[in-house]
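Each chain, written out:
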Amino acid sequence: VQLQASGGGLVLAGGSLRISCAASGRTFSTYNLAWFRQASGKEREFVAAISGNGSATEYGLSVKGRFTISRDNAKNTAYLQMNSLKPEDMAVYYCAADRYWRNWMSINQGTLDAWGPGTLVTVSS
């Protein structure tokens, strides 16, 4: 599977933004999808994950209650709805895919099946 994130941009603190992850291939629904982010000078961190059929989700502690991950398998696309954005949410956001449900918070990110190029989210205060 090949992934492409899009939809990043500039948003004011307190605002909302939805970013997308489009996938190629006919096996999209067999992959669990996850979002990670990397702020300047920091390590890449887990944001959210969703199972192949959408029945299971998991969120990083810093975004829980503000971000929502979803997917539309008919469109081969996953989404990350980000509300109540804070300056500390500013980062490059990456989507990743894996055939197995992983321990997302502590995973060795290099072991995931696929990564897409990131999309930059800038939050202005």
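The preceding data block contains the structure.
Residues numbered from 1 in each chain as written. Predicted model: local features only at pLDDT ≥ 70, side-chain atom pairs only at ≥ 80, totals over all residues. Heavy atoms only, no water.

Colleague: A description of the overall build of the protein should follow, citing residues and the corresponding values.
Modeller: Along the backbone of the protein there are zero helices and 11 strands. N-terminal to C-terminal, the α/β element order of the protein is β-β-β-β-β-β-β-β-β-β-β. Its C-alpha atoms give the protein a radius of gyration of 13 Å, within 12% of the compact-globule value 14 Å for 125 residues. Across its three principal directions, the C-alpha atoms of the protein cover 40 × 30 × 25 Å. In the protein, buried positions account for 44% of the 125 residues. In the protein, 59% of the contacts between residues at least 6 apart in sequence involve partners at least 24 apart. When the accessible surface of the protein is split by element, carbon and sulfur atoms take 47% of a total near 6400 Å². Of the charged side chains in the protein, 12 are positive and 8 negative; the average position of the first set lies 5 Å away from that of the second. (Helix = DSSP H or I, 4+ residues; strand = E, 2+ residues; numbered from the N terminus. Rg over C-alpha atoms; globule rule 2.2 N^0.38 Å. Buried < 20%, exposed > 50% of the residue type's maximum accessible area, 1.4 Å probe, protein only. Contact = heavy atoms within 4.5 Å. Areas by Shrake-Rupley, 256 points an atom, 1.4 Å probe, with all protein chains shown as cover. Lys, Arg positive; Asp, Glu negative; His and termini not counted. Charge placed at Lys NZ, Arg CZ, Asp CG, Glu CD.)

Colleague: Summarise the state of the cysteines; cite the residues concerned and give the values.
Modeller: The final tally for this structure, using the stated rule, is one disulfide. Paired through a disulfide, C21 and C95 show a sulfur-sulfur distance of 2.2 Å. Across the S-S bond of C21 and C95 the torsion is about 75°, and the bridge reads as right-handed. Here C21 is found in strand 3 (residues 17-23), whereas its partner C95 is found in strand 9 (residues 91-98), with 74 residues between them in sequence. (Disulfide = S-S within 2.5 Å.)

Colleague: Outline the pairing of strand 1 (residues 3-6), listing residues and values.
Modeller: Put simply, side chains in a regular strand alternate between the two faces of the sheet. Here strand 1 shows a clear split, with L3 and A5 buried on one side and none of Q4 and S6 buried on the other. With four bridges joining them, strand 1 and strand 3 adopt antiparallel strand pairing. Bridging across to strand 3, L3 finds its partner in A23. (Pairing = 2+ DSSP bridges.)

Colleague: Outline the sheet that holds strand 3, supporting the account with residue identities and numerical values.
Modeller: Spatially, 1-3-8-7 is the arrangement adopted by the four strands of the open sheet, whose pairing is antiparallel. The sheet is open, and its two borders are formed by strand 1 and strand 7 (67-72), each paired with just one other strand. Ignoring which end each strand starts from, the neighbouring axes of this sheet average 15° apart. Both strand 3 and strand 8 (residues 77-82) contribute to a ladder of six bridges, which runs antiparallel. In the strand pairing of strand 8, S20 is matched with Y79. (Axes fitted to C-alpha atoms, helices over the stretch in contact; angles between N-to-C directions.)

Limitation: the analysis is restricted to geometry and does not speak to function.
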